[in-house]
Amino acid sequence: MFHLLEKRIQQAVSDYIKSHHGIEVPVALEQPKQSDFGELALPVAFQLARQLKQAPKAIATQLAANLGAIEGVSSLEVAGNGFLNVRLDRSVYAHGILTGAQAASTASVGKTIVEHTNINPNKAAHIGHVRNAILGDTFVRMLRAAGSQVEVQNYIDNTGVQVADVVVGFHYLEKKSPAEVQQLIDAGKFDYLCWDLYARTSRYYKDNPESISWRQETLHAIEAGAGVQAELAHLIADAIVQAHIATMLRLNVTYDVLPRESEILHLHFWATAFEQLKERKAIYFETEGKNNGCWVMPGSAFSDFKEDEDSKVIVRSNGTVTYVGKDIAYQLWKFGLLGRDFYYQPFPHPLGYDLWVTTDHPVVDKAPAFGRGSRVYNVIDSRQSYLQDVVVAGLKALGYERQAAASVHFSYEMVALTPGTCIELGIELSDEDKRRPYVEVSGRKGLGVKADDLIDTLIAKAAEEVDSRHPESGAAVNRRVAGQIAIGALRFFMLKFTRNAIIAFDLREALSFEGETGPYVQYAAVRAGNIWRKLAERGERIPDFAKELDAAAMGRQLADEGCWQLLLQASIVDVAIDRAITSGEPAHVAKYAFQVAQAFNTFYHEYPVLAEENAEKKVFLLWMTQYFRQQLERTLDVLGIAVPEYM
RNA sequence: GGGCGCGUAGCUCAGGUGGAUAGAGCAUUAGCCUUCUAAGCUAAGGGUCGCAGGUUCGAGUCCUGCCGCGCCUACCA
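Since we're looking at a predicted model, the values are computed, not measured. (Residues numbered from 1 in each chain as written. Chains lettered and ligands numbered in written order. Predicted model: local features only at pLDDT ≥ 70, side-chain atom pairs only at ≥ 80, totals over all residues. Heavy atoms only, no water.)

A. Broad picture of the nonpolar core. Ranked by size, the top nonpolar core spans 149 residues in total, and within it Ile-9, Phe-505 and Trp-623 carry the most contacts. When neighbours within four sequence positions are excluded, Phe-505 is seen to be in contact with Ile-127, Val-415, Ala-416, Leu-417, Thr-418, Thr-421, Val-449, Leu-454, Phe-493 and Ala-510. One finds Val-321, Val-391, Leu-398 and Ala-404 within the second-largest nonpolar core, a separate group that totals 41 residues. (Core = buried A, V, L, I, M, F, W, Y, C linked by side-chain atoms within 4.5 Å. Buried < 20%, exposed > 50% of the residue type's maximum accessible area, 1.4 Å probe, protein only. Contact = heavy atoms within 4.5 Å.)

This is the structure in structure tokens:
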């Protein structure tokens with residue numbers, strides 16, 4: 001409804017300016033800082049002042065006088081030095097909400113691909129991965145809520161160095177056979193085992209530099225797809241992927257397809273991309289200097305900086321392709337530009353939702369059509385922005401300008417640990433690290449907070465709270481509620497920061513359920529539901545809002561300034577989502593969710609709904625309650641947070 | 001050296017395309033549970049928006065230069 005009015009006002013004002021002044025200007029609308037300035041403010045007179053050579057106030061006065069009536073707008077007032085403040089017709093507005101009036105969806109056509117999570121399948125997921133997955137998943141939910149078609153991809157690098165290092169750990173250090181590793185997998189917590197083994201292998205390399213040759217041997221074996229190391233790599237990567245998918249499912253994060261590096265290799269995606277890059281002269285063969293014998297992309301392709309810019313190696317002198325090269329091939333495939341496709345099969349473990357994995361040979365008759373996106377978002381941390389620039393430069397060099405422009409590096413800053421949290425978790429720090437504001441999480445060093453540990457801790461804390469408040473409820477139900485609260489807390493915590501804020505992870509703060517947190521918002525939604533439940537318990541009549549609240553009744557009730565402001569706040573979910581999509585900031589939705597919850601809590605204390613004696617007012621308050629609940633639920637759903645049945 | 005980012009209340013952070021009196025949470029202090037469950041509400045204190053210039057009717061926001069911090073700048077991913 002808000003959107004609808006915004007559009008109507010913008011149209012009316014821009015039409016007027018065009019016909020009277022012959023100028024086309026984008027009409028900006030903002031929400032005034034103070035509510036007594038009305039619901040919307042137009043600073044358009046300031047924009048016009050220079051061109052018309054008139055004082056802003058004069059222009060605004062003229063506009064207000066001549067604009068004529070706009071449906072749903074009750075008045076236009078000139079304020080300040082030339083603001084045009086808009087007051088909405090409250091009864092029209094509320095009645096519009098009740099009858100479901102909406103602006104037409106402006107969702108873009110074509111498919112949007114969002115790639116996120118992308119964890120190396122060689123160890124347990126940690127909080128840095130959790131931020132990536134929650135950011136990506138929430139962005140997907142935002143796009144879908146706005147009506148876009150979205151495909152979620154989680155890229156699995158199952159043939160890389162990190163997997164190789166764990167293979168080295170099992171094969172060379174632990175001397176385990178594939179059968180023995182399979183036993184370890186079956187025993188459970190395999191991702192935790194690998195977490196430690198990976199750290200141990202990394203340390204071993206450091207202490208025994210010559211052993212790095214094991215990594216090379218292993219990588220060759222994996223690439224050739226032969227030998228015991230290749231077999232181990234398969235076992236390990238598949239088991240860890242399964243663990244990651246399960247962990248992410250706990251967080252309400254799901255995917256459509258898992259494209260794997262092994263298929264990019266086996267199906268020769270790179271060879272195809274390589275031919276294109278050579279043919280279009282996007283890369284060249286270096287014959288001198290430090291990159292002698294490599295295929296490189298010139299630095300000028302991905303940097304504004306002219307002289308002395310380092311070239312980026314795409315193919316090493318030993319003929320193997322770098323990660324960036326493979327990523328260019330993958331990006332081309334996402335846009336349907338590679339001329340090749342994967343084969344697919346259903347994910348081999350039951351999850352409760354449809355998930356597909358790539359294969360290198362036909363397995364099933366029919367699989368969904370993946371790829372061929374018109375827009376691609378890669379959720380990758382900001383440290384990789386240089387590499388993402390190279391990938392986009394690759395597309396540009398191939399002449400795919402449109403796709404290069406539609407490739408978005410959805411970057412975010414890392415999650416680090418405060419020294420205090422490290423000490424609390426028993427992580428030893430160097431004296432240098434102790435002086436830093438935060439310490440970087442490192443899988444290689446085994447330094448970090450594992451996702452499942454954090455979730456378990458949160459659930460335990462939530463369960464304590466729930467059990468003490470609801471000893472009468474069953475243990476199973478309390479357990480489920482505790483889970484929903486824990487995930488609500490974690491998702492909200494990861495989303496409340498804007499993307500380029502470094503999260504200095506503080507355990508106490510993350511475990512908080514008070515103030516600007518997920519549980520605060522959940523609690524507001526639960527409270528709204530409680531009023532409704534109580535109504536039913538008392539056997540009171542459930543009103544028919546559409547019949548009992550006509551425009552006149554809405555007008556009478558909304559003469560109350562407090563109610564009006566609260567209704568207004570609750571009604572702009574779509575505005576918040578749109579703004580968050582445009583700016584690429586899921587944090588805006590989280591912020592909005594918190595504000596609506598605050599508004600509801602104000603309402604809750606200000607207006608005792610069930611005790612209201614005036615019949616019309618009681619019906620109206622019940623409607624407000626229901627509307628708040630509905631809007632809170634919608635907003636939380638976009639954030640991937642459930643509303644518990646009680647709290 | 002170069003590229004990118006950050007610097008706003010004691011702490012953690014918000015502050016769409018420059019706009020009206022710079023906000024929130026936490027922490028602190030003082031209140032509110034016989035009420036639709038207090039995971040809540042009300043109120044108070046707390047600011048040289050890193051520093052210095054500039055642009056203009058107007059700058060936390062844009063430009064330039066400094067200062068401090070972080071990340072990147074691999075034939076790792």
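Structure's up, so let's keep going.
B. Focus on the sheet that holds strand 9 (residues 312-315). The strand order 7-8-9 describes an open sheet built from three strands, whose pairing is antiparallel. Pairing within the sheet leaves two strands with one partner each, and these edge strands are strand 7 (284-285) and strand 9. Sheet strands in contact with helix 14 (residues 385-397) are strand 8 (295-297) and strand 9, and its direction is about 60° off that of strand 9. (Pairing = 2+ DSSP bridges. Helix = DSSP H or I, 4+ residues; strand = E, 2+ residues; numbered from the N terminus. Axes fitted to C-alpha atoms, helices over the stretch in contact; angles between N-to-C directions.)

C. The pairing of strand 11 (residues 356-359), seen in detail. Here strand 11 shows no split at all, with Trp-356 and Thr-358 on one side and Val-357 and Thr-359 on the other all buried. With two bridges connecting them, strand 6 (residues 257-258) and strand 11 associate as parallel partners. Looking across to strand 11, one finds that Leu-258 is bridged to Val-357. Bridge analysis of strand 10 (residues 343-346) against strand 11 gives four bridges, and the strand direction is antiparallel. Paired with Gln-345 across the strands is Val-357, a residue of strand 11.

D. Structural context of the protein's contact with RNA strand B. Among the 65 residues in the neighbourhood of RNA strand B, the closest are listed as Phe-83, Arg-316, Arg-469, Thr-498 and Tyr-604. The contact atoms of RNA strand B, taken as those within 4 Å of the protein, divide so that sugar and phosphate hold 61%. Contact between RNA strand B and Asn-292: a base nitrogen at 3.2 Å from a main-chain N or O atom of the residue. Take Ile-502: an N or O atom from its main chain is 3.1 Å from a phosphate oxygen of RNA strand B. Top contributing element to the surface near RNA strand B by residue count: helix 26 (residues 586-606), with seven residues. Taken together, the residues of the surface near RNA strand B sort by class into 31 nonpolar, 16 polar and 18 charged. (Near = heavy atom within 4 Å. Polar contact = N/O pair within 3.5 Å; in protein donor to acceptor, adjacent residues only side chain to side chain. Nonpolar A, V, L, I, M, F, W, Y, C, P; charged D, E, K, R; others polar.)

E. Looking closely at the packing of aromatic side chains. Under the criterion given, the structure shown has 30 aromatic pairs. Taking the centre distance of 5.3 Å and the plane angle of 70° together, the rings of Phe-600 and Phe-628 count as edge-to-face. Residue Phe-600 is located in helix 26, and its partner Phe-628 is located in helix 27 (residues 615-638); the two are separated by 28 residues in the primary sequence. The residues Phe-600 and Phe-628 share a single accessibility class, namely buried. Above the face of the Phe-513 ring, Lys-461 is positioned so that its terminal group lies 4.6 Å from the ring centre. Stacked on the ring of Tyr-604, the Lys or Arg Arg-527 has its end atom at 4.0 Å from the ring centre. (Phe/Tyr/Trp six-rings, centres within 6.5 Å; stacked < 30°, edge-to-face > 60°. Lys NZ or Arg CZ within 6 Å of the ring centre and 35° of its normal.)

F. View of the packing of helix 9 (residues 212-224) against helix 10 (residues 227-250). Orientation of helix 9 relative to helix 10, taken along the N-to-C sense of each, is 75°, at an axis distance of 8 Å. Between helix 9 and helix 10, the crossing angle belongs to the class labelled roughly perpendicular. Contacts between helix 9 and helix 10 involve Thr-218, Ala-221 and Ile-222 on the former and, on the latter, Gln-229, Ala-230 and Ala-233. Among the residues making up the contact of helix 9 with helix 10, the classes are represented as four nonpolar, two polar and no charged. (Parallel < 35°, antiparallel > 145°, perpendicular 65-115°, else oblique.)

G. Seen up close, the pattern of salt bridges. For the structure shown, the criterion picks out 29 salt bridges. A salt bridge links Arg-141 to Asp-137; the nearest nitrogen and oxygen atoms lie 2.7 Å apart. With Arg-141 and Asp-137 both in helix 5 (residues 127-145), this residue pair falls four residues apart, about one helical turn. Accessibility expressed as a relative area gives 24% for Arg-141, which makes it partly exposed. When its relative accessible area of 4% is taken as the criterion, Asp-137 is described as buried. If you follow the salt bridges from partner to partner, you end up with Asp-137, Arg-141 and Arg-491 in one network. (Salt bridge = Lys/Arg side-chain N within 4 Å of Asp/Glu carboxyl O.)

H. The side chain of Thr-421, seen in detail. Take Thr-421: it is sitting in helix 16 (residues 419-424). Here Phe-505 takes part through its backbone oxygen, which lies 3.2 Å from a polar atom of the side chain of Thr-421. Ignoring anything within four residues of it in the chain, the contact list for Thr-421 reads Phe-505, Asp-506 and Leu-507.

I. Structural detail: helix 25 (residues 573-583). Listed in full, the buried residues belonging to helix 25 are Val-573, Val-575, Ala-576, Ile-577, Ala-580 and Ile-581. Where helix 25 is buried, its residues touch helix 1 (2-21), helix 5, helix 24 (561-570), helix 26 and helix 27. Of the residues trailing helix 25, Gly-584 is marked for its positive phi of about 65°.

J. The confidence of the model for chain A, seen in detail. Averaged over every residue, the pLDDT of chain A is 91; the share at 70 or more is 98%. No element of chain A has a lower mean pLDDT than helix 17 (residues 431-435), at 75, and none a higher one than strand 6, at 98. Scored as a complex, the prediction yields pTM 0.95 and ipTM 0.96. (pLDDT = per-residue confidence, 0-100.)

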